[in-house]
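One-letter residues, chain by chain:
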Amino acid sequence: MASTTAVIPTKATQGFQVGEPVARLGTMAFAGAIIVITLLIVYSLTKQSWLAFSTFGLHFFATSTWNPIAGQFGAWPFVYGTLVTSFVALLIAVPLGVGAAIFLAELAPAGVSSYLMFLVELLAAVPSVIYGLLAWFMLVPVMRDYVEPALQNTLGHVPVIGELFGGSIYGVGYLTASVVLAIMTFPYIISISREALLDVPVDQREAALALGATRWESTYQIVLPNAKLGIVGAIFLGLGRALGETMAVTMVIGNDPAIHASLLAAGYTIPAVLANEFTEATSDLHQSSLIALAAVLFLITIVINGGARLLLHATRQKGA
Amino acid sequence: MMINKSIAVATFTVLAVAGMAFADGIQITGAGATFPYPIYSKWFQEFKGSHAGVEINYQSIGSGGGIRQLTAGTVDFGASDKPMSDDELSKVKVHTLHFPTVLGADVPVYNLPGYSHELKLTPANLADIFLGKITKWNDKALAGDNPGLPDKGIIVVHRSDASGTSFIWTDYLSKVSSEWKSKVGAGAAPNWPVGLGGKGNEGVSGQVKQQPYSLGYVEIGYALQNKMTFAWVKNSSGAWVKGELPNITAAAAGAAKAMPDDYRVSITNAPGKDAYPISSFTWLLIPSQISDPAKKKVIIEFLHWMLTDGQKYTASLGYAPLPKEVVAKEEKSISLIK
C-alpha cells in the first residue's frame, strides 16, 4: 500500500488511471450485450411468431397435426420428440459421463487421465454433422439388425414397458436419435463433472481416508456430494446441447410428425423440422408457425435452465 | 509508421479493385430452387466465359426462398420448381415472367433384395402405397404386373425437407388419385400419411439403399448419377415408361400444345404415348421491368443463350432439354422484358 502512494505520477501511470474507467465501461458494455442480444431474440421471436399464436392460440401446443398444405400447424409432436429424445439421451449419457468422470478424477493414474481427457476434448470438438453421418452409416444398421430386435424380443414382452419397444423396426427413430445425442453430450458431462470433482479440496479426501474410509467410501460419501452442484450443471449443459441438436438428429430420427408410444418408431424434433422446412416455407402462416416452434424451444430451454437454478438453490440451502 | 503505410496501401488497393469491378463488371444476383442448381452453376460459369465482365451469382436456397427474395426485391431474378401462385404474383411489385429452363422428373426408387424383375407401378398402386392402403409387397394389386414379390412390408420413404421434388410427386399423385387429392393434396411439404422422412435426395436414396423392402422417390438426375434402379410407371395413355430423358421431353412436348402464355403449367400426367408422367419444368422468375439497362441487356442475352447453347449441357447433367416448340415460344416471350 505504502509503495503505491509513494509512486510519483508519471505519464504511464496517468494513462493507466484513465484506462481504468475506460476498461470498466468497455467491459460493462460487452456484458450489456448479453442482455441486448437476449432481448432482441425474444423480441424477434415474438414478433414473427405472432401470426401463428394469434391464429391457433393455445391449440398450437396441443394439436398434433402438421399440414403445410392445409395450413394447420400444431407443435405437440415436435415438442414430444424433442423432450423424449433428450430425456432418453440423458438416461444413457449421465451414468456413462459421471461414471467416467469419477474414474478420471479419483481413480485413474495421472498419465491415463490426461490422455483420456485429450480424447474427451476431441470428442466434444467433433462437428455434429459428422456424428450424424457416422450414425447414419454405422449406427442405423446396427440398431436395425441387432439392438432393436434384441430389445423387442426381451423388453418388448414385459407388460407396460413393452409398449416402448413395440411396432416395426426401421433402425431410425427416437431411440437411435437418443443414442446419438447421448454420444454427443457425454464428453461435456465428463469434462465438466471431472472439473467439479477435482475442485473438491484434497484435505476432505485425506480426512475421510484418515477416518478409515475406503477409497470408494470417500469418493461416494465425501467427494460426490461436494461436487454435486458442478455435476448437475454439467448434466444441464449436456441437456441444452441435446435439446438444440439439429443435423445429427434429423438424419436418424425418421422425420415423422406424429406421436408414437414406441421408442423404435420414427419421430421428429423442433430443430429438425426447422432445418427441414424453413427454406421452402412460402406461406406466411407456415413461416410464422416454424418461428413459433423456435419460440417454444426457447421457452423449453428457459424453463429447464430456470428449473435447474431453482433446484441448485434449494439443495444449496438445504446443505447449509 | 510502417504499419500505417501498409494499411494505406492495402486500403488503396482494395478501393482500386472495387472501383474496377464497378466500372467494368456487371453483377447479377439470383436465388431459388436447389434442383436445377448443378446446371445453373454450369450455365453461369460458361456464360461468364463467353461474356467478359459479367458475373451471375446464384444462391440455391430453395424455391420458396427464391420467391420470397424476389418479392422483397433483394435479387435480380428468382428460380422455382413450381410456378408462382396468383397470390404470390400479386405480392411482387413488378410483374414477374416465368421462363422454363430445363425439365426434370421424379422416379420411384426401390430396394427389393433378391427380386430380379424390374418393378412396374400403376398410378393407382403408387397412390395407394403412399396413402398407406397397400402395405405389403405381395399385395394382389401389385401382383398382376409384378409376379413373385416377397411377403414383406413396404417401407415408404419420402423427403422430410420441403422441396420441389415432393411438389412434383404429390402434384402427380393428386392428378391420378382423387383420394390423394382430398386427403393430402399437392405441396412442397405435405402431411405424409405413411413413411420415413429423409433429408434431401441423398437422404431418401440413402434410406432406400439401407432399408430392405423400401420404396421412395428422387430426382432423375440424382438417380442417374448414383446408378440407382428405378421403376416403370404407367402413363396416361396406358403405356409403361421409364423416366429416361427423351420420355421427359416427350411429356413437355405433349403438354406444349396447351401451354399457357405465362408458362405456369404442370406437366405431370401429360398426354402422349412416350410421355413420362412425373415430369416437370423448372422456371426462372424474371421481372418484366428491369430499370438498369446494363443488367437488362445481360439478362436478355442470357435467356437467348440458355435457350440455344445452354440446352446442350442438359443431358450430361441429368436434365432433359426443352422441346423445340417451347424454345420457339420462349424466344418470343423474351421481348416482354421492358
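If you're wondering where the values come from, they're calculated on a predicted model, not measured in any experiment.

What counts, and at which threshold
- Residues numbered from 1 in each chain as written.
- Chains lettered and ligands numbered in written order.
- Predicted model: local features only at pLDDT ≥ 70, side-chain atom pairs only at ≥ 80, totals over all residues.
- Helix = DSSP H or I, 4+ residues; strand = E, 2+ residues; numbered from the N terminus.
- Rg over C-alpha atoms; globule rule 2.2 N^0.38 Å.
- Buried ≥ 20, exposed ≤ 12 C-beta atoms within 10 Å, placed from the backbone.
- Contact = placed C-beta atoms within 7 Å.
- Axes fitted to C-alpha atoms, helices over the stretch in contact; angles between N-to-C directions.
- Parallel < 35°, antiparallel > 145°, perpendicular 65-115°, else oblique.
- Left-handed = near helix turned anticlockwise from the far one by under 90°.
- Nonpolar A, V, L, I, M, F, W, Y, C, P; charged D, E, K, R; others polar.
- Pairing = 2+ DSSP bridges.
- Core = buried A, V, L, I, M, F, W, Y, C linked by C-beta atoms within 7 Å.

Teacher, can you tell me more about the overall build of chain A here?
Of regular secondary structure, chain A possesses twelve helices and two strands. Starting at the N terminus, the α and β elements of chain A follow one another as α-α-α-β-β-α-α-α-α-α-α-α-α-α. Rg of the C-alpha trace for chain A: 25 Å, well past the compact-globule value of 20 Å for 320 residues, more than 25% over. Dimensions of chain A, computed from the C-alpha atoms along their principal axes, are close to 80 × 55 × 40 Å. Evaluated residue by residue, chain A yields a buried proportion of 38% over its 320 residues. For chain A, the share of sequence-separated contacts (at least 6 apart) that also reach a separation of at least 24 residues comes to 77%.

Which parts of the structure should I look at to understand the overall build of chain B?
Across its full length, chain B carries 13 helices and eleven strands. With respect to the principal axes defined by its C-alpha atoms, chain B has extents near 80 × 50 × 35 Å. Long-range contacts, defined here as pairs at least 24 residues apart, represent 71% of the contacts in chain B between residues at least 6 apart.

Help me out: how do you make sense of the packing of helix H6 (residues 128-154) of chain A against helix H7 (residues 174-199) of chain A in this one?
The description of two helices packed together rests on the angle between their axes and the distance between the axes. All names here are of chain A. It is at 10 Å that the axes of H6 and H7 come closest, and there the two elements cross at 130°. As the angle between them shows, H6 and H7 are arranged oblique. In this structure, the crossing between H6 and H7 has a hand that is right-handed. Residue-level contacts link Ser 128, Tyr 131, Ala 135, Leu 139, Val 140, Met 143 and Glu 148 of H6 to Leu 175, Thr 176, Val 179, Val 180, Ile 183 and Met 184 of H7. Grouping the amino acids of the contact of H6 with H7 by side-chain chemistry returns ten nonpolar, two polar and one charged.

Please clarify how the sheet that holds strand E5 (residues 120-121) of chain B should be interpreted in this entry.
Working definition: the strands of a sheet are paired by backbone hydrogen bonds and lie parallel or antiparallel to each other. Residue and element names in this part refer to chain B. In space, the three strands of this open sheet follow the order E5-E9-E10, with mixed pairing throughout. The sheet is open, and its two borders are formed by E5 and strand E10 (240-241), each paired with just one other strand. Both E5 and strand E9 (residues 232-234) contribute to a ladder of two bridges, which runs parallel. Residue pairing in the sheet places Leu 121 in a bridge with Val 233 of E9.

I would appreciate a short explanation of the sheet that holds strand E3 (residues 77-80) of chain B in the present structure.
Residues and elements named next belong to chain B. The mixed open sheet is built from eight strands, whose spatial order is E2-E1-E3-E11-E4-E8-E6-E7. Edge positions in the sheet fall to strand E2 (54-59) and strand E7 (196-198), since each has one partner strand and no second. Ignoring strand direction, the axes of neighbouring strands in this sheet form an average angle of 25°. Relative to E2, strand E1 (residues 26-32) runs parallel, the two being bridged by six bridges. Paired with Gln 27 across the two strands is Glu 55, which belongs to E2. Each of E2, E3 and strand E4 (96-111) touches helix H2 (residues 37-50); the most contacted strand, E2, lies at about 170° to it.

Just checking my understanding: could you explain the interface of chain B and chain A for this structure?
Interface size is commonly expressed as the accessible surface area that is lost when the partners come together. Each side of the interface is counted separately: chain B has 24 residues, and chain A has 23 residues. At the level of secondary structure, the elements contributing two or more residues to the side of chain B that touches chain A comprise helix H3 (63-72), E7 and helix H9 (200-210) of chain B. Looking at the side of chain B that touches chain A element by element, the count peaks at four residues for H3 of chain B. Split by residue class, the side of chain B that touches chain A holds eight nonpolar, 14 polar and two charged.

How should the nonpolar core be read in this particular structure?
In a soluble, globular protein the nonpolar side chains are often hidden away together inside. Residues and elements named next belong to chain A. Val 180, Ile 189, Val 252 and Leu 293 are the most contacted members of the largest nonpolar core, which has 168 residues in total. Here this core gets 16 residues from one element, more than from any other, and that element is H7. Ile 189 has contacts with Ala 93, Val 94, Gly 97, Val 98, Ala 234, Ile 235 and Gly 238, leaving out every residue within four places of it along the chain.

Help me understand the pairing of strand E6 (residues 155-159) of chain B in this model?
The side chains of a regular strand alternate, residue by residue, between the two faces of the sheet. Residue and element names in this part refer to chain B. Summarising burial for E6: five of the five residues are buried, a large majority. With two bridges connecting them, E6 and strand E8 (residues 214-219) associate as parallel partners. If you follow Val 156 over to E8, its bridge partner there is Leu 215.

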